[in-house]
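If you want the building blocks of each chain, they are given just below.
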Amino acid sequence: MTHAVIGHSVKRTDLLDKVTGNAKYVADMPMAGLLHAKMKRSNVAHARIVRIDTSAALALPGVKAVLTHENVPRVLHAGSPHPRSASVTCDQYILDDKVRYWGEGVAAVAAISEEIAARAVEMIEVEYEPLPAAFTVEDAAAPGATLIHDREPGGNLVLPPVRIERGDVERGFAEADFILEGEYEGGRPTPAYMEPNVLTCRWDGNGNLTVWISTQTAFMVRGIMAEVLGLPLHKVRVLVDHMGGGFGAKQDLFQSEFLCALLARETHRPVRMEYTREETFTGGRTRHPAKIWLRQGFRNDGTITAREAKVVFNSGAYGSHGPGVTNVGTAAMVSLYRCENVRLEGRCVYTNSPIAGAFRGYGVVQTYYALDIQMDEAAERLGIDPAELKLKNAVREGDIAPSNHPLIGHGLEACIEKGMEVVDWKAARARTLQQQGVIRRGWGIGCEMHGSSAYPGIKEQGNAIVKMNEDGTVVLLTGAAGLGTGAHTALAQIVAEELAIPFDTVSVVHGDTDVVPWDIGAFASHTTYMVGRAAQMAATEIKTQLLARAAKQMEAEPSQLVIDNGVMSVVGRDGPTLTVREAVMPRKGLPAAQFVGTATYHPTKSYSFAAHFAEVEVDTETGFITVKQVVPVHDIGKVIHPVAAAGQIEGGIQQGIGHTLYEDYQIDMQTGRSLNANFVDYKMPLAMDMPEIRTVLLEAAPDPGGPFGAKGVGEDPIVAIGPAIANAVFDAIGVRFRHYPIKPEQVLQALAAKRAAEVAA
Amino acid sequence: MRAFEYLEPATLAEASALLQRCGGRASVLAGGTDLLVQIKESHRQPAHVINIKKIPGMDVLSFDPAEGLRIGALVTTREVETSYAVRRHYASLARAVTDFASIQVRNRATVVGNVCRASPSADSLAPLIADRAEVHLYGLHGSRSMPVEAFVTGPGKTALGVDELVSRITIPAPAPHTGKAYLKHGRRVQMELATVGVAVSITVERGHCTDVGIVLAAVGPKPLRATKAEGVLRGHSLSDALILQAAHAAMEDARPITDVRASAEYRREMVGVLTRRAIAQALEML
Amino acid sequence: MRKLIALEINGEPMEIAVEPHSTLLDALRDDAGLTGTKKGCDVGECGSCTILVNGTPMNSCLMLAPEAHGCSLTTIEGVQASPDTVHPVQEQFMRCGAAQCGFCTPGFVVAAKALLDANPQPTRDEIRFAIAGNICRCTGYTKIIEAIERAAADMAGLPMTEVTR
């Protein structure tokens, strides 16, 4: 079925300002009297602060305030306080008398220029008493290890181990014809959004705080800042207009937000704190490095009898999203490939390393890397096609998802089948067998599924207010964040579709916590699914009111009216039509209509699916792996905006290629010092490194819980591409990698070992 | 950046005098693509920055079949990259200045600046040394010149006196039957600091190598002439086996370290792979 | 002590008082009020600060403000011919979905304009090479390259298929 507005790549409303340079990001906003803030960061990984002397800094002309742990409120709080969620770890102070990782903030300065603030930072003297540091989860979790945080459950665990069981694992293994067991490991990529973290704080004379901030979660910022600063919510206003990317990592508060507000309060001037690129690494959030031990029993027909896994996530110095990532990443392993007998355990361990937080994929990038690769290993063992094996085992309609709901449709199967057809999979794989020479090519498939919404970990809700003006144009008020994904355009499309009015008669108001309805924030791929559904429901309320008013004027019953492109007619009647505008506008004796619709949607969960088909090229002399082409096939239910959906997929693939082959934020394992907090040595794939991407969007399994059947797409691509690449490498050179990033040197070592083994055999 | 005094001399003499007066606390600004990064990352804290772009006569890029190539101190890498004469007669240099950075940086950076920065992984240094380039220095006490190979004395260190600037680089005209290549090893196609760089200039007459220059970048504190590798080839008849032997010898010439970019073992292995490939590529040009 | 520089920005002659040790990027954003050019890394690694200096793309974070004296600069604000029109590169960026968060977009648009001014019919590889120094974390580059190709075709008067409505 074709729709009038959704399903078309309408011109996004935010793009004109972006391509002309008119879009204002937080650092672009001029403000009278603005002061600039800088943080002093530690150069030790684990230490008590014995002495901190700010006198020289305070004496520097142009410095207006300096904060240390000695003069800020000591309030224990959580950095990502999604209410009633699993993600709450109360382990932070604004500034503590202890540092727990190299680069943690120990002081903040406000001055009349960035240059003076930077100089003042250097003049602050800190004396540290070093404490034993643990940089690996093994060291941190060892009995007797120094506690990084003194809190439950102890043993440097962020939360009690997550345990999930289904069926009877022992019986399952007993029934297996063979068992595969492996250890898989994920490194430390970071989101590396292009706009460094930034915020401006300003107080008015009545103690009201306004915060302009680059964040995905405006209401979370309001909530936690109010809590920590001891303010009621109506005295904190958070404004988010344009923001330059987040990918999950701008979903957290840690030090800088509170410090900026406190500096502004003390100086009675607006204060802006802008991270340097280096600080986006040292003060930002990374993906959780992880180790996954996975053991599965298989029958000779390729079906899975039992699955047992232990996952350990490295939280870094603070808990951040540790609980959420551990829960979601671990629980994901009950699914993707069908298995009735499952036993899973997930842990999250503090170490004195950079803080891991939310990052697109949220634990599932790590666990599905293992799960999908082991499936490929099973295919190798059985001597059958991995795509066929994955198709056979793919979860489908009725299977119980990680959310404990039954899945809808056959989305994953559809993706696999379609991709096999598009790339001519069998022929492509047959070609790779015949190769000779230094350069080898190979094809691989990686599968994934991801839920739209953070249910059941968080009891989410999507809210929307829709109002119709007296000329028939419509305004949608939404708290949904504008990360740049095109979410607001999609929401406007949904409203326009529901009301059957032209797309350009709908505008969107967002980004002001005083005005828009509460929103949990943009993450978990839930904006289209959850807020979109709420917007649709609110629009439906308007439609009811509109039809009632129009029916009177058209001498008919509301149920007899249809709207098409803003024009209403009576079914079966060849008579005059009435535009929406005419129906609502004031006339003599009839006041203008004032239609407002509100809706709250409590989603459960919907799952999107993807199968990525990747061709890689391996230079067996240098060990370089290059991705040559990717055909990502995604089922996302009803596609609202095809270009925006493809954009999410292609962007996710870039990040996933980065994870798998290039990116690793490294620290010195003796001192914890950052080694590559810059774009020279933290290597993201650039324009010349990217493959051709031919995106295929399927509407194979629409979810009635989503607006017009739409589901999410933001995180799926980054999950599927990694195993697709690893599996393609195996096809190319017969070497199996079970970790990321795969470095060229490791490829050469593996090839040398393989040659040696072949010679010995 | 921390404040500094900003100066714009109009002549070389004025620039030299300023450098002398500032007593080692001044930095010369040409393209600025290295200097500004060094200041921002606190590797250098100059009290004075001397912009030499107002000095006339330093922006000449010219080629003469007998005299060779002349690159003035203000000639950008982009001009060198796009010069027909450079692409024809100094292909390894053209390649090096194309691969080393983005178009934005290449429009600004100077070859002389790249040489004076003397980074161990500098791309332009290896082909310049392989082709026996010379730097010409201007100072209060007069001018002098020396091979680039001698000019670079250590990581980030040159033979420049306090009052001296480089006014130009000259490269001898290539001998007939000379092929040149520069291969850079870096994980990404562009925007990379070399983990290994190999420049080859090889002169062949009737299958016989009469002269060769092989210089390695990023595998020592300064660019290294692979003298063992050169010795394998010079004066001998070329064959695949000999080239392989030279590549192995280059591995012995290299003195790589382990850092966040790569391990020493991997770098050494890549010296072998790249030397073999660079020699082959240079020979193809003949 | 600030230094007065006289230059042309987007076709307008201007005088700005700049700190000699300020970058041109900071001078444009803070002193000239032109915040369209962005600071993504401040060390010439990401291309977000790309402007044209006498028609040539450069990183404004790697230039000192006084060096711009006497130069003719084009920033993102000067790419469109008038407030009511957009440059074909800008039009295609919108149509093709080549901008998502938009932070890198000004740098790409300026770099792309410079490419097409110098090379009106670039190949795909030439496009990639010209934008090698611009980092985007949102789009994966696919639609950026497509937008530049289409802009080239547009400017040459060649027919294209419709992407968006």
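This structure is a prediction, so every number in the text was calculated from the model and none was measured.

Asker: I keep staring at the sheet that holds strand β5 (residues 68-72) of chain B and nothing clicks. Help me out?
Answerer: The strands making up a sheet associate through backbone hydrogen bonding, with each pair oriented either parallel or antiparallel. Residue and element names in this part refer to chain B. Sheet architecture is open: five strands sit in the order β4-β5-β10-β6-β7, paired in antiparallel fashion. Strand pairing shows two members of the sheet lacking a second neighbour, β4 (61-64) and β7 (142-147), which therefore form its edges. With strand direction ignored, the average angle separating the axes of adjacent strands in the sheet is 20°. Pairing geometry for β4 and β5, over four bridges, is antiparallel. Residue pairing for β5: Phe63 is matched across the bridge by Leu69. On the sheet, helix α1 (residues 12-22) packs against β6 (134-139) and β10 (165-171) and is oriented at approximately 125° with respect to β10.

Asker: I tried to follow the interface of chain A and chain C on my own but got confused; where do I start?
Answerer: Frequently, the measure chosen for interface size is the accessible area that the parts lose on association. Contacts between the two partners involve 57 residues from chain A, matched on the other side by 48 residues from chain C. Carbon and sulfur atoms make up 55% of the surface buried where chain A meets chain C, a total of about 4,200 Å² over both sides. When the buried surface of chain A facing chain C is broken down by residue, Lys11(A), Val19(A) and Met194(A) rank first, second and third, together holding 17% of it. Measuring nitrogen to oxygen at the nearest pair gives 3.0 Å for the salt bridge that ties Glu692(A) to Arg128(C).

Asker: I tried to follow the pattern of salt bridges on my own but got confused; where do I start?
Answerer: Side chains that differ in charge, positive against negative, can pair when their charged atoms come close. Inspection of the entire model under this criterion finds 80 salt bridges over all chains. Across the pair Arg285(A) and Asp252(A) runs a salt bridge whose closest N-O atoms are separated by 2.9 Å. In this pair, Arg285(A) sits in the loop between α8 (277-282) and β15 (290-298) while Asp252(A) sits in the loop between β13 (236-239) and α7 (256-267), placing the two residues 33 residues apart along the sequence. Under the relative-accessibility criterion, Asp252(A) is labelled buried at 10%. For the salt bridge of Glu663(A) with Arg137(C), the shortest nitrogen-to-oxygen distance reads 2.8 Å. Residue Glu663(A) is located in the loop between α17 (642-662) and β28 (692-693), and its partner Arg137(C) is located in the loop between α4 (124-130) and α5 (142-155); the two belong to separate chains. Here the two residues Glu663(A) and Arg137(C) agree in accessibility, since each one is buried.

Asker: Teacher, can you tell me more about the interface of chain A and chain B here?
Answerer: The interface is formed by 26 residues belonging to chain A together with 22 residues belonging to chain B. Between chain A and chain B lies a buried interface of about 2,100 Å² when both sides are counted; carbon and sulfur atoms form 52% of it. Among the residues chain A hides against chain B, the three largest losses belong to Glu621(A), Phe624(A) and Glu745(A). Together they make up 25% of the total. Across the chain A-chain B interface, the total number found is six salt bridges.

Asker: Can you walk me through the sheet that holds strand β10 (residues 178-186) of chain A in this structure?
Answerer: Residues and elements named next belong to chain A. Sheet architecture is open: six strands sit in the order β9-β17-β16-β15-β10-β30, paired in mixed fashion. Every interior strand has two partners, whereas the edge strands, β9 (162-166) and β30 (739-740), have only one. Judged from the nine bridges that link them, β15 and strand β16 (residues 304-316) form a sheet pairing that is antiparallel. Its bridge partner lying in β16, Phe298 is registered against Ile304.

Asker: Would you mind going over helix α10 (residues 364-382) of chain A with me for this structure?
Answerer: What sets the pattern is the α-helix's 3.6 residues per turn: residues three or four places apart point alike. Residues and elements named next belong to chain A. Taking 1.5 Å per residue as the helical rise, α10 with its 19 residues ought to reach 27 Å, and the 26 Å between its terminal C-alpha atoms agrees with that figure. For α10, a buried count of 16 out of 19 residues is recorded, marking the element as mostly surrounded by other parts of the structure. After α10 finishes, the residue Gly383 shows a positive phi value of roughly 70°.

Asker: Any chance you could explain the state of the cysteines here in plain terms?
Answerer: Covalent bonding between the sulfur atoms of two cysteines defines a disulfide. All chains considered together, the criterion is met by zero disulfides over all chains. Of the cysteine sulfurs around Cys447(A), a residue in no disulfide, the closest is that of Cys415(A), at 8.2 Å. Lacking any disulfide linkage, Cys116(B) is separated from the closest cysteine sulfur, that of Cys22(B), by 17 Å.

Asker: Help me out: how do you make sense of the domain arrangement of chain B in this one?
Answerer: All names here are of chain B. Domains assigned within chain B are domain 1 (5-51), domain 2 (61-171) and domain 3 (178-284). One C-alpha centre belongs to domain 2, the other to domain 3, and the line joining them spans 20 Å. Every contact between the two is made by 28 residues of domain 2 and, on the other side, 22 residues of domain 3. For the domain 2 face of the interface with domain 3, the top three residues by lost area are Asp99, Pro120 and Ser121, together amounting to 23%. Taken together, the links from domain 2 to domain 3 amount to 13 residue pairs in polar contact (both at pLDDT 80 or more). Put simply, the parts of the chain that give the side of domain 2 that touches domain 3 at least two residues each are α5 (91-99), α8 (125-130) and β8 (152-154). Take the side of domain 2 that touches domain 3: its biggest share by element is six residues, from α5.

Quick notes on the rules
Residues numbered from 1 in each chain as written. Chains lettered and ligands numbered in written order. Predicted model: local features only at pLDDT ≥ 70, side-chain atom pairs only at ≥ 80, totals over all residues. Heavy atoms only, no water. Pairing = 2+ DSSP bridges. Helix = DSSP H or I, 4+ residues; strand = E, 2+ residues; numbered from the N terminus. Axes fitted to C-alpha atoms, helices over the stretch in contact; angles between N-to-C directions. Contact = heavy atoms within 4.5 Å. Buried area = accessible area lost by both parts, 1.4 Å probe. Salt bridge = Lys/Arg side-chain N within 4 Å of Asp/Glu carboxyl O. Buried < 20%, exposed > 50% of the residue type's maximum accessible area, 1.4 Å probe, protein only. Expected span 1.5 Å × (residues − 1). Disulfide = S-S within 2.5 Å. Domains from an automatic or database assignment. Polar contact = N/O pair within 3.5 Å; in protein donor to acceptor, adjacent residues only side chain to side chain.

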